[in-house]
Amino acid sequence: MSSAMVSSAVATAPPTPDVGVEAPEQAHTEVDSRRRGFAAVRRFAVASAAIVAFLALWEIAPRVGLVDPVFLPPFSTVVDAFVELVRTGAMWEHVSASVFRALIGFTIAVGIAIPTGLAIGWYKPVANFLNPILELFRNTAALALLPVFVLILGIGEESKIALVIYACSFPVLLNTISGVRTVDPLLIKSASSLGFSPVRLFQKVVLPAAVPSIFVGIRMAAAASILVLIAAEMVGAKAGLGYLITASQLNFQIPNMYAGIVAIAILGLILNAILVLFERRLSRWRATI
Amino acid sequence: MSEQPKLQIDHVAKRFARRGSRDLFTAIEDVTIDVAPGEFLVLVGPSGCGKSTLLDLLGGLDRPSAGRILLDGKEITGPGLDRGIVFQQYALLPWRTARHNIEFGLEAKGLPRAERRRRAEDYLELVGLAGFGDRYPHELSGGMKQRVAIARSLAFDPEVLLMDEPFAALDAQTRESLQDELLRIWRETRKTILFITHGIDEAVYLGQRVAVLTSRPGRVKTTLDISIDRSGEDVRSSEQFRHYRHEIWTLLHGEVERARAIERETANV
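All figures in this text were calculated on a predicted structure; none of them were measured in a lab.

Lay out the pattern of salt bridges in plain terms, naming residues and giving numbers.
All names here are of chain B. Under the defined criterion, the tally for this structure stands at 28 salt bridges over all chains. One salt bridge connects E29 with R15, and the closest N-O pair in it is separated by 3.6 Å. With a gap of 14 residues between them, E29 in strand β2 (residues 24-35) and R15 in strand β1 (residues 7-17) connect regions that are remote in the sequence. For R15, a relative accessible area of 31% corresponds to the partly exposed category. Residue D82 pairs with R83 through a salt bridge whose shortest N-O separation is 3.0 Å. Look at R83 and you get buried, because its relative accessible area is 5%.

Set out below in structure tokens:
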């Protein structure tokens, strides 16, 4: 009799009645995919139109005398200078000096800030105690501290790397803390009802839940690292993109100065792209990316 | 009832310290319910009847101020895999696929990987989600998410399944189909189920027995045995169904009024 009841229940209730309501993918036809390819080309054209227009303006404005070509050489002249710097190896020297400093500082900062942030976030009293001072430090512009670092660590590599560490630490630290603290309490409740120990709860629920927030901090840190480093190199250095820019300006090699600026822009874009890619790999489960 | 109850809630009370007040707030008072092995018991009550408090006590996440809760004659002292909880908001881990969410409880149990995988597959099939194992929660509809949550709670084979308004966040059609699914799963697995709801229809449709709770503090007002023939079509319109529905409605109506009066009173103070 119980089996009869079971089969009748199955008959009245289709096994997956609400399937497909929100099922996102449908089999797409060839026409569909061609249309999609066309749309991608159009999207690319729209996305690059503004950049092309900007570069065209840069090229034309000095040539027609809208601006003084001595102070703003046409884009093609800057490209020539860029190619020349690459050919002589000078560009590589400056880029590698900057990237080396930025990477060392960034890596040390991330390596320290993530574990510290996890620990602070997990122990609520500690977080409440430390958060105000961390906010204070974060909102103290790192560059304001450059003279302090130079005083203590000298004008060499140490002070620049220390400045990068300082600037990178706070975004990572604060975002890690908030990531740990804003884990959905229901997930914690559900996991503790399964009898997980605090350590395993942390490892299986808190840590993965905090990853997206930690990544926001990491991307902010990456942007900050380049920013403060270039500024530090402008103040005192023998190599690096910041040095290239100020030195070119002082020696009136204006195209080289712009080449250095373009190099910084490209470097920033590449760095961001790498981090976005990495972030996607780590948080493939999220709906919004 | 000659055999030992599966779950005994024995004169349980829970009081909390209230902020800015020296007297304690009594969430539930003197609640006594026995649930027989394999029984489907529904607790229905107005808002403020201490449903969530009772669930926390049953889950072992909190201790009662008075009384005891016994599972198979042994007192509950903490969380454990002998109870599976299904929450209204699913509580699925968004970074895990449906399959890995089901495996979550099995990891707590310490099962080897291959065994976890096999069981997850079985329970995906039980809840009608075979083939959806690799979907992430955001790729599933509300009803499918709740099926995953039910599968997760059943997979580690608890003694009782505790369900906290599990279908309250779903649309009416999905809710009805999941109610049928739940009854089928209950018959197939013969689990003891304690189901908490504020919906009278849901209580009558699902419960073998319905316990009506009072509001503030939560007490058991009455328990009703429900015997309706659920095999026919549109059971919810049958004479029997309407009879039970009205009876519970009458019992609850007074409580809802009383809850409102208390709310007004506390607001005026």
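The structure having been displayed, the exposition proceeds.
Go over the pairing of strand β7 (residues 160-164) of chain B, please, and point to the residues and values.
All names here are of chain B. Extensive coverage of β7 is indicated by the burial of five of its five residues. Of the two faces of β7, both are covered, the one formed by V160, L162 and D164 as well as the one formed by L161 and M163. As paired strands, strand β6 (residues 83-86) and β7 are joined by four bridges and run parallel to one another. What sits directly across from R83, in β7, is V160. Sheet analysis places β7 next to strand β8 (residues 192-197), joined by five bridges and oriented parallel. Bridge pairing in β8 links L161 to I193. After leaving β7, the chain enters helix α5 (residues 172-189) and then returns to the sheet as β8, a path that is right-handed.

Give a description of the sheet that holds strand β5 (residues 74-75) of chain B that names residues and reports values.
The strands that make up a sheet pair up through hydrogen bonds in the backbone, lying either parallel or antiparallel. Residues and elements named next belong to chain B. Read across the open sheet, the four strands follow the order β2-β1-β4-β5; overall the sheet is antiparallel. A strand with exactly one partner marks an edge of an open sheet, and here the two such strands are β2 and β5. Across two bridges, strand β4 (residues 66-71) lies against β5 in antiparallel orientation. If you follow L70 over to β5, its bridge partner there is E75. Lying on the sheet, helix α1 (residues 51-59) is in contact with β1, β2 and β4; it crosses β1 at an angle near 120°.

Definitions and limits used
Along each chain, residues carry numbers from 1 onward, in the same order as the chain's sequence is written. Here chains are named by letter from A upward and ligands by number from 1 upward, in the order in which they appear as written. With the structure being a predicted model, the display of local features is reserved for residues of pLDDT at least 70 and the display and counting of side-chain atom pairs for 80 or more, all residues being used for whole-chain, interface and lining totals. Here the side-chain values reflect all heavy atoms present in the structure, with hydrogen atoms and water set aside. What counts as a salt bridge is simple: a side-chain nitrogen of Lys or Arg found within 4 Å of a carboxyl oxygen of Asp or Glu. By the criteria applied, helices consist of DSSP H or I runs no shorter than four residues and strands consist of E runs no shorter than two, each listed in order from the N terminus. Note on classification: 1.4 Å probe, protein chains only; a residue is buried when its accessible area is under 20% of the maximum for its type, exposed when over 50%, partly exposed between these limits. Strand pairing is assigned whenever DSSP detects at least two bridges linking the two strands. Look down the strands so they point away from you; if going from the first strand over the helix to the second traces a clockwise path, that crossover is right-handed. The contact criterion used is simple: two residues touch if any of their non-hydrogen atoms lie within 4.5 Å. Comment: axis = line fitted to C-alpha atoms, over the contacting stretch for helices; angle = value between 0 and 180 degrees taken between N-to-C directions.

Purely spatial values, then, with no claim about function.
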